[in-house]
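Structural features, examined
So you can see what is in the structure, the chains are spelled out below.
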Amino acid sequence: MNVKVLVIISVVVLALVVLFFWFVLRNKSRDVSKTEPYLYILNADLVTTSEVMLIENTSFTNVKNEFPSEISNSRKIDTTRVKNEKIPIGSTVTFSRAIHYKNSTSGMHAAVLLGKVKMKDSQAVHKIVYIWGRFKTMCINEPCMYWEYEKGFWEN
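Described below are features of the structure shown in this document. Only a predicted model underlies this, so the values are computations on that prediction, with no experimental measurement involved.

As a further point, take the overall build of the protein. Along its length, the protein carries 2 helices and 9 strands. Listed by position from the N terminus, the elements making up the protein come as α-β-α-β-β-β-β-β-β-β-β. The C-alpha radius of gyration of the protein comes to 21 Å, more than 25% above the 15 Å expected for a compact globule of 156 residues. Projected onto its principal axes, the C-alpha positions of the protein cover 75 × 40 × 35 Å. Across the 156 residues that make up the protein, the buried fraction comes to 30%. Summing over all exposed atoms, the protein offers an accessible surface of approximately 10500 Å²; the carbon and sulfur share of this is 57%. Mean positive and mean negative side-chain charge positions of the protein (20 and 14 charges, respectively) differ by 7 Å.

This model, assessed by the stated rule, comprises 2 salt bridges. Residue Glu51 is joined to Lys86 by a salt bridge in which the shortest nitrogen-to-oxygen separation is 3.6 Å. Taken together, the residues Glu51 in the loop between strand E2 (45-47) and strand E3 (52-56) and Lys86 in strand E5 (residues 84-87) connect sequence positions 35 residues apart. Judged by its relative accessible area of 52%, Lys86 is exposed. Here Lys64 makes a salt bridge to Glu56, at a shortest N to O gap of 2.4 Å. You can call Lys64 partly exposed: its relative accessible area is 30%.

All right, on to the packing of aromatic side chains then. Evaluation of the coordinates by the stated rule reveals 9 aromatic pairs. A centroid spacing of 6.2 Å and a plane angle of 75° characterise the contact between Tyr130 and Trp154, whose relative ring orientation is edge-to-face. With a gap of 24 residues between them, Tyr130 in strand E8 (residues 125-136) and Trp154 in the segment after strand E9 (146-149) connect regions that are remote in the sequence. One cation-aromatic arrangement involves Lys127 over Phe67; the distance from NZ or CZ to the ring centre is 5.6 Å.

The rules we used
Residues numbered from 1 in each chain as written. Predicted model: local features only at pLDDT ≥ 70, side-chain atom pairs only at ≥ 80, totals over all residues. Heavy atoms only, no water. Helix = DSSP H or I, 4+ residues; strand = E, 2+ residues; numbered from the N terminus. Rg over C-alpha atoms; globule rule 2.2 N^0.38 Å. Buried < 20%, exposed > 50% of the residue type's maximum accessible area, 1.4 Å probe, protein only. Areas by Shrake-Rupley, 256 points an atom, 1.4 Å probe, with all protein chains shown as cover. Lys, Arg positive; Asp, Glu negative; His and termini not counted. Charge placed at Lys NZ, Arg CZ, Asp CG, Glu CD. Salt bridge = Lys/Arg side-chain N within 4 Å of Asp/Glu carboxyl O. Phe/Tyr/Trp six-rings, centres within 6.5 Å; stacked < 30°, edge-to-face > 60°. Lys NZ or Arg CZ within 6 Å of the ring centre and 35° of its normal.

Laid out in structure tokens, this is it:
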């Protein structure tokens, strides 16, 4: 074999390896807006029944330009380290899309809701992201491989 053929084969193999790793290690997201349980909460006005925080979107940075804020529970976030604003009880939240997101490096699955919140007191509207559920893959006892949703801030 001559050198030219070896170089071409090496470049093709290298390109295939890089393409394989890119495909396997990329973040994956899938729109699940038309499936249960998201179907029932999307495009509905949900009224907050517990106090939650509005912080900068640090969890789902792929859509940070369009949805700059994130809803978080004050028990989950250190409010002394993050700029935050309380969302008063009685504010209206409307989710327009639901996405299942899989992180490539950790393999963690999350259910992400995208929408907006209208503050009760100031009537200001913020575009928001809310991570509602997690996919449970590791467990000691059966069942495994299921979605777990925490109680929503709009539920009593």
